[in-house]
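So you can see what is in the structure, the chains are spelled out below.
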Amino acid sequence: MLKIWGRTNSSNVKKVLWCAEELGLDYERIDAGGAFGVVNDPAYRALNPNGLVPCIEDDGFVLWESNAVVRYLAEGDPERRLVPSSRQDKASAERWMDWTTSTIAGPFRDVFWNVVRRTAQDRVETELSRGLDSCGRLLAIADKALAGQAYLSGEKFGIGDIPLGCLAYGWFNMPIERPDLPHLAAWYERLTERPAYRRAVMIPLT
Ligand SMILES: N[C@@H](CCC(=O)N[C@@H](CS)C(=O)NCC(=O)O)C(=O)O
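Each value, and the rule that gives it
- Residues numbered from 1 in each chain as written.
- Predicted model: local features only at pLDDT ≥ 70, side-chain atom pairs only at ≥ 80, totals over all residues.
- Heavy atoms only, no water.
- Near = heavy atom within 4 Å.
- Areas by Shrake-Rupley, 256 points an atom, 1.4 Å probe, with all protein chains shown as cover.
- Axes fitted to C-alpha atoms, helices over the stretch in contact; angles between N-to-C directions.
- Helix = DSSP H or I, 4+ residues; strand = E, 2+ residues; numbered from the N terminus.
- Parallel < 35°, antiparallel > 145°, perpendicular 65-115°, else oblique.
- Contact = heavy atoms within 4.5 Å.
- Core = buried A, V, L, I, M, F, W, Y, C linked by side-chain atoms within 4.5 Å.
- Buried < 20%, exposed > 50% of the residue type's maximum accessible area, 1.4 Å probe, protein only.
- Domains from an automatic or database assignment.
- UniProt positions renumbered as here; feature names shortened; annotations may be inferred.
- Salt bridge = Lys/Arg side-chain N within 4 Å of Asp/Glu carboxyl O.

(A) Quick peek at the site of the ligand. In the vicinity of the ligand, the contacting residues are R7, S10, N12, G33, G34, L52, V53, P54, E65 and S66. Here the ligand loses 74% of its free accessible area of 500 Å² to cover by the protein chains.

(B) The arrangement of the packing of helix α1 (residues 11-23) against helix α3 (residues 66-75) in detail. It is the contact of α1 with α3, at a shortest axis distance of 9 Å, that shows an interaxial angle of 10°. Classified by the interaxial angle, the pair formed by α1 and α3 is roughly parallel. Where α1 abuts α3, its residues N12, K15, V16, C19, A20 and L23 lie against S66, N67, V69, V70, L73 and A74.

(C) Quick peek at the nonpolar core. W18, L73, L164, L184 and W187 are the most contacted members of the largest nonpolar core, which totals 60 residues. Per element, the largest residue contribution to this core is eight residues, and it comes from helix α4 (residues 87-117). Three or more residues apiece are contributed to this core by two domains, here domain 1 (2-75) and domain 2 (87-198). In this structure W18 touches F157, D161, I162, G165, C166, L191, A196, Y197, A200 and V201, once residues within four positions along its chain are discounted.

(D) Looking closely at the UniProt feature "domain: GST C-terminal" (unreviewed entry) in the protein. The sites that carry the UniProt feature "domain: GST C-terminal" (unreviewed entry) are, in the present numbering, residues 86-206. End-to-end, the C-alpha atoms of residues 86-206 are 38 Å apart, and along that stretch the chain is 68% helix and 0% strand.

(E) Spatial organisation of the pattern of salt bridges. All told, the structure shown has nine salt bridges when counted by the stated rule. The shortest N-O distance in the salt bridge between E21 and R199 comes to 2.6 Å. Note that E21 is positioned in helix α1 and R199 in helix α8 (residues 195-200), a separation of 178 residues in sequence. In this structure, the salt-bridge partner of E94 is R71, at a minimum N-O distance of 2.7 Å. Of this pair, E94 sits in helix α4 while R71 sits in helix α3, and the two are 23 residues apart along the sequence. For E94, a relative accessible area of 16% translates into the label buried. What emerges from the salt-bridge pattern is a single network uniting R71, E94 and D98.

Written out as structure tokens, the structure reads:
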């Protein structure tokens, strides 16, 4: 059976759990990372030398890097339900996966850590306000794209929606001031109607 290592409150782990839930896969999840430790155990380091979560093992095949895992699981679905069919549509969807990791994950982390994970006295206000500005500016780019299509993957939900969808739950549920981005908000509302999103992503922010 597919094994997934990672604590459920990690946005990178959520990507993998959400994808597995969308595909209806049977899997075993093993707590790792954060307070659970495990990631520095030699046995875990042998699987993922980065000492980070998520990591999967599928019939002896080991894979880390959340976006790579999402692609691997989605490609393994016989009907490829989450993978856009044309080469160009697939590349366009995957672009949002890479953009989320390379461009918005850092500023989002600055907001999330200062609002959710740090105590008020440890909060770094400059980091928080810089993160909020960057996230607002970057999410406006996604908002503009979503004005013309229902999902980041095109007309249908797919892999391109998963990474940003995980951050969107945090963005729309932290006590912060958000710029008005109506297309992004409508997309997020559509995600909240998905049972798999509710199970894997919509859990208390910690
Ligand atoms: N690029 C990696 C990043 C993985 C990553 O940074 N994971 C964090 C959790 S979101 C982690 O393992 N932190 C250490 C820990 O939880 O102990 C991926 O997408 O899988």
